[in-house]
Amino acid sequence: MKSYQKLTQPSACRLEEEGAAPAPTSHGKLAPCWVGSGLLVAAVLLSAVTVWVLQQVSVGWPRPTVPPKCLLVPESHRFDCYPERHVVVTQQLCESRGCCFIESPPPAGGKRGVPWCFYPPDFPSYTLESLNQTALGMVGLLVRREKAYYPRDIEVLRLDVEFETDTRLHIKITDAANPRYEVPLEVPRAMKKAENPIYSLDFSWDPFGVVLRRRATGMVLLNTTVAPLIFADQFLQISTSLPSKFLYGLGEHRGPLLHSMDWSTLTLWARDVSPTESFNLYGAHPFYLLMEEGGDAHGVFLLNSNAMEVALQPAPGLTWRTIGGVLDFYIFLGPDPNMVIQQYQQVIGFPAMPPFWALGFHLCRWGYGSSNETWQTVRAMRNYQIPQDAQWNDIDYMDGYRDFTFDSQKFASLPSLVEDLHKHGQHYVMILDPGISSTNPNGSYWPFDEGLRRGLFLNTTQGQTLIGQVWPGFTAFADFSNPDTHQWWLENLQRFHAHVPFDGLWIDMNEPSNFMDGSEEGCPPGELDSPPYTPAVLGDSLSAKTVCASAKQKASVHYNLHNLYGLMEAKATASALIQIRGKRPFVISRSTFSSQGRYSGHWLGDNRSQWKDMYYSIPGLLSFSLFGIPLVGADICGFSGSTSEELCTRWMQLGAFYPFARNHNTQNEKAQDPTVFSPAARTAMKDVLLTRYSLLPFLYTLFHRAHLQGDTVARPLFFEFPQDVTTLGLDRQFLWGRSLLVTPVLDPGVDSVTGYVPRGTWYDFYTGSSMNSSGEMVKMSAPLDHLNLHIREGAILPTQKPGTTSEATRRNPLCLIVALSSSDTAWGDLFWDDGESLDTFEQGSYSYVVFNVTQNVFTSTILHASAEATEVTIGTLSILGVQEPPSKVLLNGQEKPFSYLDNQVLTVSDLGLSLNQGFSVQWL
């Protein structure tokens, strides 16, 4: 009997050791270790049947007979054999698939619960027929002898296993005979097999499965023998056990950071919809991070862009279901969560380095109504000396909502506004949509005429331009999978930039969004628009509020490319900005896919002015940190609905610590920029923005580390404290890097906040006073004008006297804040360049300085120097946690005046040192 292993540790019978590739053993014989297993199964079977018979007797006969093998499967381990939505699964339907049927009481609230129809232990799967060694690992053949229940089952599959690095394993399953669509993502090619992998891989031959273990602990990370592998043309499914329930990632969704394993399904299919729990949202990120017992972590990436769902169940277990492409898995072994995310980005690419100004405060709304009204807002911000780096406009700047135009009446002064922004060291960002108006008289609208002439739009199956409807009315959709479209996009942007010299671009509606389902003519019949299986997408159709899945694109059909649309547009947009401005591009995109951090940031979409939306922004930005898109934030104060002064004040405090900080508002709602509130609220907003601007050198250095090696910027607490189980579910606080703890107020009507403070010494950012924690919840005072910020012991933060723009801030002296550890040590670093040139690190045009404290001596060491840093001075050194008042302080051996406060803060001012000078400060 073919038997799927249960989700406990696999049998001690090692079916195939990593690296070995013997011929398959005879399927007719049982290995000795299976004999004991067989006796155990028989005993369990006998007891299960006895219990079942007693149940039947107690309720009276007759009842449908449940095969004894089905009773063996515990509820939490039942893998769904009939996942179709909107179907009442009957015993007849279920058994027609060869599956077990046992009714369970449905859970409350209409949620999905234990599947009634599930796989029996002996459901037919693939057999591993051969396995041979290759230079990088192994290649094998999988054969299915009994058809599964979806059409066009693929009977022979090719298995490729590559031990790419000691911490990265690559497993790919595809059709052995025919090529299939694969995601056109550049991935690294391993040149040699890993020599000392921290994992081991075993195989089950019949039924086929893989069992992946962590060598150091023996922990089973993946065990795909728990349910059958199905690989049909339009239905691919593989399941695995999981070693814990602490699973994160799998975007884009709204919900807590930590996913529920209680029979939840996460759908990945880009969709324009206001963020709502349980819906598939704007982007697709088929990657998860899982925390194991003891603090180790691993990650799994399925490189597949088709419509997909991931089902989670309490065993704990996980099922991937996708309706196209191949099963192309990368597994990252960490072993800590920071390393897992770095290893993931080694495959998908590290994020681009943003321009310095991108980290300032951005202001936008839909409905300014005119360029003059926009300009008035900018002037009001300057009048109150509230920091602002960028002013944005939404679609109301356009003429008839058409891309690459502006309203010559209401926005006549737009070129002058942009010129004024530039004179004040500020920047201009505008929105663009991928839907190009198709209803203008021939020859009157170059973007459409030229796109049509060059054949650059999505087409119907009949080869005609597919017409949908977006803001300008009927529209065609640019095909960014065609390199020629990138050139046309560039030319359009060049023509517009000659009139309005924008600095960055906001690409919206790029799921792509469509106000009609499919096209003006609907979608044709066929298995692309109506596949044999449709994942649990909002609207129950692949074409719901987007284009037809059958639409033709240069690289493939939209069925395969839909989830890549935003990524491909971002790539074209970043490239165009580089060619137009010759500087680092700034792009913010709504739709995203794995690797998008290389080209753009992301905002979390059309949220609402509600307290729960403010909370949900934190798991949102932390999830995108996992996805390699560190430049992320939510619309501060909420996009739709009307904010309140209290909500907006609290949200500005939180939003000042989004890596990407933008206040944005919809039309026909009252304004919510900082200038429109009471003096007290306005001052609180200004103060927290000044705090952000003082921290820009620290934040910029974090982005450098993200660009260089894939570090996260906004970081969950469990990344730094992986062995502290309390941190695993925390998503109401977060860290900047490893050392700045942000504890925002997320509830109305309170003047305190309770936050978790991990073990160690933490210093109040504003006063320098210390707090020792054993790892506990702490109630903190939080009046309306206060955001709690704490610095972790052992950190050195480079800060700067804040100005009202990042350009002004960059010219001010630095203040270095040292937070001494319990052993009186500390470390920090600073990356500095001109803030906007391309590839400064790669070309050596930067300074990198490391700060260190040991034995009462602070040292600044220049590891790399450039001209830009000569313009920056270090003004102040503040050292927190100096236990005894010093008798004297020496700067490079010379006595220097200092101050020392009762809360153990030592400050040395007026240093006047160039950043490019190494120096030391000693206190005695």
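Conventions and cut-offs
- Residues numbered from 1 in each chain as written.
- Predicted model: local features only at pLDDT ≥ 70, side-chain atom pairs only at ≥ 80, totals over all residues.
- Heavy atoms only, no water.
- Core = buried A, V, L, I, M, F, W, Y, C linked by side-chain atoms within 4.5 Å.
- Buried < 20%, exposed > 50% of the residue type's maximum accessible area, 1.4 Å probe, protein only.
- Contact = heavy atoms within 4.5 Å.
- Helix = DSSP H or I, 4+ residues; strand = E, 2+ residues; numbered from the N terminus.
- Pairing = 2+ DSSP bridges.
- Axes fitted to C-alpha atoms, helices over the stretch in contact; angles between N-to-C directions.
- Parallel < 35°, antiparallel > 145°, perpendicular 65-115°, else oblique.
- Nonpolar A, V, L, I, M, F, W, Y, C, P; charged D, E, K, R; others polar.
- Polar contact = N/O pair within 3.5 Å; in protein donor to acceptor, adjacent residues only side chain to side chain.
- 1 Å grid on protein atoms, 1.4 Å probe; cavity = no way out; pocket = protein on both sides within 12 Å on 5 of 7 lines; lining within 4 Å.
- Points joined across faces, edges and corners; volume = space filled by probe spheres on them.
- Phe/Tyr/Trp six-rings, centres within 6.5 Å; stacked < 30°, edge-to-face > 60°.
- Lys NZ or Arg CZ within 6 Å of the ring centre and 35° of its normal.
- Salt bridge = Lys/Arg side-chain N within 4 Å of Asp/Glu carboxyl O.
- Disulfide = S-S within 2.5 Å.

To continue, consider the nonpolar core. In terms of nonpolar packing, the biggest core is built from 236 residues, with Trp320, Phe657 and Phe858 touching the most fellow members. Apart from residues no more than four positions distant in its own chain, phenylalanine 858 is found in contact with Ile796, Leu816, Val818, Phe851, Asn852, Val853, Leu877, Phe919, Ser920, Val921 and Trp923.

Let us now look at the pairing of strand β16 (residues 308-313). Burial within β16 is extensive, with 6 of its 6 residues counted as buried. Here β16 shows two buried faces, one formed by Met308, Val310 and Leu312 and the other by Glu309, Ala311 and Gln313. As paired strands, β16 and strand β17 (residues 317-322) are joined by 6 bridges and run antiparallel to one another. Each residue of the ladder has a partner; that of alanine 311, found in β17, is threonine 319. Hairpin connection from β16 to β17: 3 residues lie between these consecutive antiparallel strands.

A word on the sheet that holds strand β33 (residues 740-743). If you walk across this open sheet you meet the 6 strands as β31-β32-β33-β38-β35-β36, and the pairing is antiparallel. One side of each edge strand has no neighbouring strand; the edge strands of this open sheet are β31 (714-715) and β36 (770-773). Here strand β35 (residues 760-764) runs beside β36; their pairing, made up of 4 bridges, is antiparallel. Its bridge partner being in β36, threonine 761 is matched across the sheet by asparagine 772.

Further remarks concern the packing of helix α11 (residues 611-626) against helix α12 (residues 645-655). It is at 10 Å that the axes of α11 and α12 come closest, and there the two elements cross at 5°. What the angle tells us is that α11 and α12 run roughly parallel. Contact residues: Trp611, Asp613, Met614, Ser617 and Ile618 in α11; Glu646, Leu647, Arg650, Trp651 and Leu654 in α12. Residues that form the contact of α11 with α12 fall into these classes: 6 nonpolar, 1 polar and 3 charged.

Here we come to unusual backbone geometry. In the segment running from aspartate 206 into proline 207, the intervening peptide bond is cis, with an omega of 5°. With respect to the element layout, proline 207 can be found in the loop between β7 (199-204) and β8 (209-214). In this chain, glycine 251 is followed by glutamate 252 through a cis amide linkage whose omega measures 10°. Locating glutamate 252 in the fold gives a position in the loop between β12 (246-251) and β13 (264-268). For leucine 250, which is not glycine, the phi dihedral falls at a positive 55°. Within the secondary structure, leucine 250 sits in strand β12.

Let us look at the environment of glutamate 164. With respect to the helices and strands, glutamate 164 occurs in strand β5 (residues 156-165). Assessed through its relative accessible area of 5%, glutamate 164 is described here as buried. Ignoring any residue separated from it by four or fewer positions in sequence, one finds glutamate 164 in contact with His170, Pro188, Ala190, Lys192, Ala194, Tyr199 and Tyr330. In this structure the side chain of glutamate 164 is engaged in a polar contact, spanning 2.9 Å, whose partner is the side chain of histidine 170.

Leftover empty space is mapped by rolling, across the atoms, a probe with the size of a water molecule. Enumeration according to the criterion identifies 6 cavities of 30 Å³ or more in this entry. Along the wall of the largest cavity there are 14 residues; nearest its centre are Val210, Leu222, Thr224, Ile238 and Phe329. If you list the elements that add at least two residues to the lining of the largest cavity, you get β6 (168-175), β11 (235-241) and β18 (327-332). Per-element tally for the lining of the largest cavity: the top contributor is β11, with 3 residues. Here the lining of the largest cavity is built from residues that sort into 11 nonpolar, 3 polar and no charged.

Each aromatic ring pair is described using two quantities: the centre-to-centre distance and the angle formed by the ring planes. Counted under the stated rule, the structure contains 48 aromatic pairs. Summarising the aromatic geometry, the rings of phenylalanine 480 and tryptophan 489 are spaced 5.0 Å apart at their centres and angled 90° between planes, so their arrangement reads as edge-to-face. Exposure remark for tryptophan 489: the relative accessible area of 0% places this residue in the buried category. Where phenylalanine 851 meets phenylalanine 858, the ring centres are 5.9 Å apart and the plane angle is 25°; that geometry is what we call stacked. The pair formed by phenylalanine 851 and phenylalanine 858 is uniform in burial state, with each residue classed as buried. Within the aromatic cluster, the residues linked to one another by ring pairs are Phe404, Phe448, Phe457, Phe480, Trp488, Trp489 and Tyr565. The ring of tyrosine 82 has arginine 97 sitting right over it, with the charged end atom 3.6 Å from the ring centre. Positioned above the aromatic ring of tryptophan 446, the side-chain terminus of arginine 495 is 4.0 Å from the ring centre.

Our next topic: the pattern of salt bridges. By the definition in use, this model includes 44 salt bridges. The salt bridge partner of glutamate 84 is arginine 97, with a shortest N-O separation of 2.9 Å. Taken as a pair, glutamate 84 in the loop between α2 (68-71) and α3 (91-96) and arginine 97 in the loop between α3 and β1 (100-101) lie far apart in primary sequence, 13 residues in all. Between glutamate 162 and arginine 189 there is a salt bridge, with the nearest N and O atoms lying 3.6 Å from each other. One end of the pair, glutamate 162, is in strand β5; the other, arginine 189, is in the loop between β6 and β7, with 27 residues separating them in the sequence. Owing to a relative accessible area of 51%, arginine 189 belongs among the exposed residues under this scheme.

The sheet built from 5 strands is open, its strands ordered β10-β11-β17-β16-β13 with antiparallel pairing. Two strands in the sheet have a free side with no partner beyond their single neighbour: β10 (230-232) and β13. Put simply, the sheet's adjacent strands are angled 15° from each other on average, direction ignored. The pairing of β13 with β16 spans 5 bridges and is antiparallel. Within β16, the residue paired with threonine 265 across the bridge is alanine 311.

Before going further, it helps to spend a moment on the state of the cysteines. As used in these notes, a disulfide is a covalent bond between sulfur atoms, one from each of two cysteines. Tallying each qualifying case throughout the model produces 5 disulfides. Residue pairing for cysteine 94: its cysteine sulfur links by disulfide to cysteine 117, the two sulfurs lying 2.2 Å apart. Disulfide cysteine 94-cysteine 117: the torsion about the S-S bond is 90°, which places it as right-handed. Linking cysteine 94 in helix α3 with cysteine 117 in strand β2 (residues 117-118), this pair joins segments that are 23 residues apart in sequence. Judged by its relative accessible area of 2%, cysteine 117 falls in the buried class. The disulfide that involves cysteine 523 links it to cysteine 548, with 2.1 Å between the sulfurs. The disulfide joining cysteine 523 to cysteine 548 has a torsion of about -95° about its S-S bond and is therefore left-handed. Note that cysteine 523 is positioned in the loop between β25 (504-507) and α9 (558-561) and cysteine 548 in the loop between β25 and α9, a separation of 25 residues in sequence. Cysteine 548 sits in the buried class, given a relative accessible area of 3%. If one numbers only the bonded cysteines of the protein, in the order they occur, the disulfide pattern is 1-5, 2-4, 3-6, 7-8, 9-10.

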